[in-house]
Each structure stands twice: as C-alpha cells, then as structure tokens.
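# Chain and residue survey
Next come the chains, spelled out residue by residue.
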Amino acid sequence: MHSSSVTPSNDLEAIARKGGKFRRMAVRIPTYMADIRENPAWLPMFLLARTIPGRRAHWLTARRGDGASETLPSMFEGVDAQTAVNALKGDGIFPDLQLPAAITQEISAFAHETPCFGNFDRKVEFAAADHRATEDRLGRPILSGHHFERALDCPAVLAVQRDPLLSEIARRYLGAQAQLITTRTWWSFPTKASEADRSLASLDKYHFDLDDWRMIKFFFYLVDVDAGTGPHVYVRGSHNKRRMKHQLTLLVGHPADEIVEYYGEDSPITLTGKAGSGFVEDPFGFHMGTVATEKPRLMMEIGFGVSKPSRRRFHGEPVLR
Ligand SMILES: O=C(O)CCC(=O)C(=O)O
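Now for a look at the structure at hand. (Residues numbered from 1 in each chain as written. Predicted model: local features only at pLDDT ≥ 70, side-chain atom pairs only at ≥ 80, totals over all residues. Heavy atoms only, no water.)

### Some remarks on the side chain of His131
Topologically, His131 is positioned in helix α6 (residues 131-138). If we ignore the near neighbours within four places in the chain, the residues touching His131 are Phe126, Ile142, Phe189 and Pro190. (Helix = DSSP H or I, 4+ residues; strand = E, 2+ residues; numbered from the N terminus. Contact = heavy atoms within 4.5 Å.)

So this is what it looks like as structure tokens:
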C-alpha cells in the first residue's frame, strides 16, 4: 500500500511556499484596485481574459484592419508587416526589428541624461550613472529605473511610437480597434533584489500580461544585451494554448518547470542583441525579463491593445499617486 503523510515540517514548507505566492499577489493588489477604480470594465477582463474561451470570444469581436498605413514611410526598412503578423500568430513573437542607429543613440543619450525613478517609487529619483551611489545612500537595492512620462520628452521615442509599421502590425494582428496603450523606457540594474521587487518589475518569473483582452508589445534594446544584461525570454507558442490549471488561477506567474514541461524544452527563446535590436510579442504568451548580472539593461516598450488605455499602465507605473 502506498501512503503519503504530511509531517509538521512539510506543513511549514507548504505554508512558506504559499506565503511566497500570496506575497507576489499582495505586491500587485494596489495596482489591481487602482485599475478597477479607474475603469470598472477592467474587472471582467481581469477575470476572463486569462481563459482560452474568454479570449477566443473576445477575438471574435476583432474587426478586420490592414493596409491603412502600409504605404507610409517607416524607419523599419525591409520589414514586411504580414511576415511579422504571421510569426506573431504562429510563435507569438517576431524577433527581427532594428531601430536606425541615430534613433537608438538619441534615446540612449536621453535615458542616460534624464533622471529615472527607482523601483517604481517617485521619491527615489536619480541619474542612471548614480545607481550604485543611490543604493548606498538609501541602504537598499534598486532594481529598476523608469522614466515614466518623461519618455515622451524624447523626440526619438515619439518617432518610434508613431511609426506606421508598428500600427500596421498592430491593426493586422489585433484588428482595426488597435490603439497605443503603453510607451515606457526603463533601466534594469544588476543588484540583489527582494522577491517583491523582482515581482513588481516582472523579473525572473514566467508570467503573462493581463492589461487588456488583446495586446502586442514592441520591445527595443537600447544597449547591447547579452546573457549578463538581463535578456528577455519568451515561450514560443504559449500565446494560444494554456494548461487548464493556468487558466483557473488568479496568479499570472508560474514556475519555469511547469512551463517547460507543458510547452517543451525548446519553446523558450532568450533574446539577446545589439543596441537598437527589437522584437514584437503577444504578451499573453509566457515571458519574463531576467535580472541583469553584469551590466544595466536599457529597454523601450511600445504596446498596443484594444481597450481604452489606462493612465497608470501607459508608462508602466503600478499606482498613480
Ligand atoms: O523586462 C522585461 O524584459 C520584461 C518586461 C515584462 O515582463 C512585461 O512588460 O510584462
């Protein structure tokens, strides 16, 4: 006869593990409450968009959208919108975008000069070069530095945000309702961060995004990113297939072994590349940023969705104060 028993120490371990999950959720509760206050329509999305039937039902409302801006000049020479859309449909990611060198340099210079906010806290303001000194002064690790609305003061950021290729890909993939919902630039610094800070910064844990029913995010590296610079990882094929257990939980983050077991060992791709390289993904697929171990990473995100943009999420700020 096979039997299993729960010893007191097993019990404590289980509570500690749950404590981790609850802590991860607790970090996000103020964000969720702020979203509901700002837009009550967020609640059904938050509950149902995590399920495959809920999403499929919403995809049926997509109106056909293509061709509107295909002839307008784009900074992304040689990229065919439909090739990107086909890759998004199949893999959930298209990894072949490249910013012009002048745009990359302008955004990078801007992000070096413009003070950012540490760990999403507007009271912690510093220039990227002063990261270590700021950590020493405050006596705690600083994992991320966001520029929030300051990003829009950079003309090159606006030029990328408004590029016709991005909106063409968004309309072809998401439907004619596609609209801009995020623009952010931020640093990820090598440091020893707490789990709560890593969770808030969406680092080191596979998760999917639930900011809208249907979304795509364009990401661009503004420094060279290798294994030590906290590369982004995406699980190919995870945008349109979901284990039941992962549809019926409120948690968006899940352990790597569960992900790899379900989607296959070859499904995660780690995106490294030179400054200016970029990719577009469907963030319902599992993905994560990894914590930088050697050099800071500077990243820009331009996101499209189908619902009214939230003031909060536009620049990635958890709660507006
Ligand atoms: O920092 C990254 O590479 C990932 C960011 C992320 O996970 C997100 O925007 O949801």
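### Considering helix α11 (residues 256-263)
Of the positions making up α11, those classed as buried are Glu258, Ile259 and Tyr263. Projected down its long axis, α11 carries its buried residues within an arc of 105°, all on one side. Pointing more than 90 degrees away from the buried face of α11 are the exposed residues Asp257 and Glu261. After α11 finishes, the residue Gly264 shows a positive phi value of roughly 100°. (Buried < 20%, exposed > 50% of the residue type's maximum accessible area, 1.4 Å probe, protein only. Arc of directions from axis to C-beta.)

### As for the nonpolar core
Among soluble globular proteins, nonpolar side chains are generally buried collectively. Residues Phe76, Val160, Ile216 and Phe218 are the most contacted members of the largest nonpolar core, which totals 72 residues. With six residues, helix α8 (residues 164-174) is the single largest residue contributor to this core. Ignoring anything within four residues of it in the chain, the contact list for Val160 reads Met75, Phe76, Leu99, Ile103, Ile107, Leu166, Phe220, Met300 and Ile302. Counting residues in hydrophobic clusters, the runner-up holds eight residues, among them Phe120, Ala193, Ala201 and Leu203. (Core = buried A, V, L, I, M, F, W, Y, C linked by side-chain atoms within 4.5 Å.)

### What about the site of the ligand?
Taken together, 13 residues lie near the ligand, and Arg184, His207, Lys217, His232 and Arg297 sit nearest. Within the side chain of His287, one N or O atom sits 3.1 Å away from an oxygen atom of the ligand. Contacts to the ligand include Arg297, whose side-chain N or O atom sits 2.6 Å from an oxygen atom. Relative to its unbound accessible area of 290 Å², the ligand is 97% covered by the protein chains. The cavity that encloses the ligand is the largest cavity. Of all the secondary-structure elements, those providing two or more residues to the shell around the ligand are β5 (179-188), β7 (216-221), β12 (287-289) and β13 (297-305). Here the shell around the ligand is composed, by residue class, of three nonpolar, five polar and five charged. (Near = heavy atom within 4 Å. Polar contact = N/O pair within 3.5 Å; in protein donor to acceptor, adjacent residues only side chain to side chain. Areas by Shrake-Rupley, 256 points an atom, 1.4 Å probe, with all protein chains shown as cover. 1 Å grid on protein atoms, 1.4 Å probe; cavity = no way out; pocket = protein on both sides within 12 Å on 5 of 7 lines; lining within 4 Å. Sits in = over half its atoms within 2 Å of the grid points. Nonpolar A, V, L, I, M, F, W, Y, C, P; charged D, E, K, R; others polar.)

### Details of unusual backbone geometry
Its identity is not glycine, yet Asn119 carries a phi of approximately 50°, on the positive side. Assignment of secondary structure puts Asn119 in the loop between β2 (116-118) and β3 (125-126). In the Ramachandran plot, Phe148 falls in the positive-phi region, its phi being about 45° despite a non-glycine side chain. Among the secondary structure elements, Phe148 is positioned in the loop between β4 (144-146) and α7 (155-161).

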